[in-house]
Every structure is written in C-alpha cells, then in structure tokens.
Amino acid sequence: MEQNPNPSHPVRAELADGRELLYFFDGGHAPAGFLAPPDTRELPARPATSQLRYDALSGEWISFAAHRQTRTHLPVASECPLCPTRPEMASEIPADAYDVVVFENRFPSFGPEQHSVDSPVELGAARPSHGRCEVISFGPGHTDSLASLGIRRIRTVIEAWAHRTRELGRLEGVEQVFPFENRGADIGVTLHHPHGQLYAYPYVTPRTENHLARAAAHQTRTGRNLMADVLDFEVADGRRILERGTHFTTFVPYASRMPIEVHLVPHRQVADLGELTGPERDELASMYHRLLSTVDALYPTPTPYIAGWFQAPKYHEHRGEAWLHLQLTSPRRAENKLKYLAGSEAAMGAFIGDVTPEDTAESLREAAARLESHAHAL
C-alpha cells in the first residue's frame, strides 16, 4: 500500500508554563526562515492532574477536573486566546501568523501527567486522571470555520490529526486517541475561534467498548467485519448515501440518533488516521469539505455540530475489528429548533428520532445541489 507522500514536519515550541506547541503548515513544511517565537507571558503553574472515579453501576470511569471551571468562556474577539499574538495581546499562540497549531490544553480533562496506573476496579476505586488534552486551531481567522478554510487547509488538519494520533498513542498509559470538533454555542463551545481538540484517554471509552463488543459478536456469528457489512448495507439500499468516492463513502445511518447524523467511512479497514495513504487523505479532505459545507447550507445560519473520529484503541482484545470512521451529529431538527436529550435519552439512553434518516439524507442532498448550482453560477 502506498504510504503518505507528504508527511508533516511540524515545528515544535514550548509555552511559558512548559506546555508543548506545534506549528503545522499547508504543504507540509515550514516556510524558509520560520522560527517559532518565544512565549513571553507570565503564566501560573499548570494545574494538578485530575482524579478518575469508578462508577460501579455503569462500569465507567469519570474524570473530575474542577480547575476547568475557570477556563476561558466565550471571550470577545480582541481577547481570543487562539488568535495570533499581537503587540497589544499575547495569546496561546506566540506567532503573529500561522496555518494550523496544536498545543496542550491549559485546562485539561486528562493529564498533564501520563503514566500507567494499575488499581482495583471496584466500588470506590479512584486513580489519577492521566493522559493528555490538546487544542488544534484550524487557522488564524477568528470568524472562519473549518469549511470556509477550504480543502487545502483541511488536508493540513488531517496531517496534524494523524501526527498527533501517532505521537499521543506512544505515551505511557494512553489507551485511545480521539480527535474531535465541537462547533457552535448550542453545542457548548467556550471559544468561537475555529478549533478542535484531541483527547488521549487513559482507558478505552465506553462507546468504543460497546462498538468493539458488537463487532466481535458479529464476527463470531457471521465471519465478517461489522463495519464492512454496514457499508455494504447502506450502499445496497442507497437512499441514505450522500457521496461515494474512490476511497470513502458518506451516508446518513439507518438508525440515526440525532436529527442530523452523517458517517464518513473509508472503504478499506484501517485502525486510525495515520494508516491512510496520501491519495486517501487527499480524497478525505475534499469529501470532508463538501460534507461540512453541505451541513452549513441546510439553513440560513451555521449549523452546530460535533464531529468525532472513532479510532482503534492501542490495546484491546478486539482491536482487529476496529474500523476508522467519522461521526458528525447535530441536534438541529429544524431552522429554529434543537433536539434536547430529555428523560428517555439522557436517563435511559433510549433515543427517539424526530426526523427519519431518509428525510435527513434528502435534505442534505438538496443542500449539496444548491451549493453546486451556486458554484457553477459564479
């Protein structure tokens, strides 16, 4: 299999409190003469590592990161910590211009320590919330979005995701790496600037455990991979397909939980973003751009969403069943209506759909057609 021909070569730097920062560049290499400027701020010491507590009823670990109560909350543009540093305001990014930047979160849910911890899993169990949380800023423009930044920038973001997945996965005690983007105040973002995050968990997440258990049971029962069969099922039905490329397919899943839900799935089984070839990453950048643009074209105002990459955990008995894929969801069920997780969904995890997946797919196809017609008219 062809390897990625344009690996990223980020420039590393250190922030005033010791956090790591990396500059990624469109095209893969820093411009001639680029030097990472120093962070001249005076910052307080980093917070202590949070605590994980075990919920014996659900079998899940919960991280308590009380220091996050003081994190920056929806600052005005002139005080945005993700904008480039200016003479009148030093931000989290010391440079006065950049393409893509990744840095350790100042208010992490996991970390900053990373160590393997072996402690009893029983009622009352607790352990340090080791791991790492990083912020990825998609560009310097405060009012941009990942879609508006275009295909080339998304390609750079993919390289950054893959690079960080590889490096974070090597840290001691890290079990799973999750790149994701929360977009829009209705989702709960605390910064309007276009950005995402990467979480390096010290355990395999509950959703991943469930996915892998279902996939293992399917393999035992049928001898086939579950995601491969899901993809074949959606393609054969066709009603929920949004786009089918050479390497990827986007579709609204048969049993969507949210009013807007789209999965983007590679045609071959890969464990994580780092295993994608150069041509696959190129197509992914184009298809992801069209997906984000289409979601935004549904209504006159930008649509809030959560987009998360499901990657294989580092160690798991069913890791061989994992299949990289993106899930994009939005609670927007109409132009001025949101779906809230009320009693059945929030308490019981039993979802009730407001919009059929077929109707959502048709609305997205119509939005994509409007975008294409507008592009041809220009």
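Residues numbered from 1 in each chain as written. Predicted model: local features only at pLDDT ≥ 70, side-chain atom pairs only at ≥ 80, totals over all residues. Heavy atoms only, no water.

A. The pattern of salt bridges, seen in detail. What the rule picks out here adds up to 31 salt bridges. Its salt-bridge partner being E243, residue R290 comes within 2.6 Å of it at the nearest N-O pair. Linking R290 in helix α5 (residues 278–296) with E243 in strand β10 (residues 241–244), this pair joins segments that are 47 residues apart in sequence. For E243, a relative accessible area of 22% gives the class partly exposed. (Salt bridge = Lys/Arg side-chain N within 4 Å of Asp/Glu carboxyl O. Helix = DSSP H or I, 4+ residues; strand = E, 2+ residues; numbered from the N terminus. Buried < 20%, exposed > 50% of the residue type's maximum accessible area, 1.4 Å probe, protein only.)

B. Structural context of the side chain of S330. Tracing the backbone through its elements, the reader meets S330 in strand β14 (residues 325–330). Of note is the side chain of S330, whose polar atom sits 2.5 Å from the backbone oxygen of P304. Engagement of the side chain of S330 in a polar contact is seen with the backbone nitrogen of R332, the distance being 3.2 Å. Apart from the residues within four sequence positions on either side, S330 is in contact with M258, P259, I260, T303, P304 and Y305. (Polar contact = N/O pair within 3.5 Å; in protein donor to acceptor, adjacent residues only side chain to side chain. Contact = heavy atoms within 4.5 Å.)

C. Molecular detail of the environment of C83. Within the fold, C83 resides in the loop between β4 (60–64) and β5 (100–104). Of the residues examined, C83 reaches a relative accessible area of 7% and is grouped as buried. Taking the C-alpha atoms as reference points, C83 and H142, separated by 59 residues in sequence, lie 6.4 Å from one another. The contact partners of C83, leaving out residues within four places of it in the chain, are A77, S91, I93, P140, H142 and H193.

D. Inspection of the sheet that holds strand β1 (residues 11–14) at higher detail. On the basis of which strands lie adjacent, the open sheet formed by 11 strands has the order β1-β2-β5-β7-β9-β8-β13-β14-β12-β11-β10 and antiparallel pairing. Each edge of the sheet is formed by a strand with only one pairing partner; in this case those strands are β1 and β10. Neighbouring strand axes in the sheet, compared pairwise and without regard to direction, differ in orientation by 20 degrees on average. (Pairing = 2+ DSSP bridges. Axes fitted to C-alpha atoms, helices over the stretch in contact; angles between N-to-C directions.)

E. Region of interest: the pairing of strand β8 (residues 176–183). Counting buried positions over the eight residues of β8 gives seven, a clear majority of the element. Summarising the sheet, β8 and strand β9 (residues 195–201) pair through five bridges and their orientation is antiparallel. Within β9, the residue paired with V177 across the bridge is A200. Taken together, the four bridges between β8 and strand β13 (residues 305–310) define a ladder with antiparallel strand orientation. Within the sheet, the bridge partner assigned to R183 lies in β13 and is Y305.

F. Summary view of the nonpolar core. Residues I136, W161, L273, L284, Y288 and L291 are the most contacted members of the largest nonpolar core, which totals 45 residues. Ignoring sequence-local partners within four residues, the contact set of L273 consists of W161, A162, P179, R281, L284, W309, Q311 and L324. Y23, F25, A95 and F103 belong to the second-largest nonpolar core, a separate cluster that totals 16 residues. (Core = buried A, V, L, I, M, F, W, Y, C linked by side-chain atoms within 4.5 Å.)

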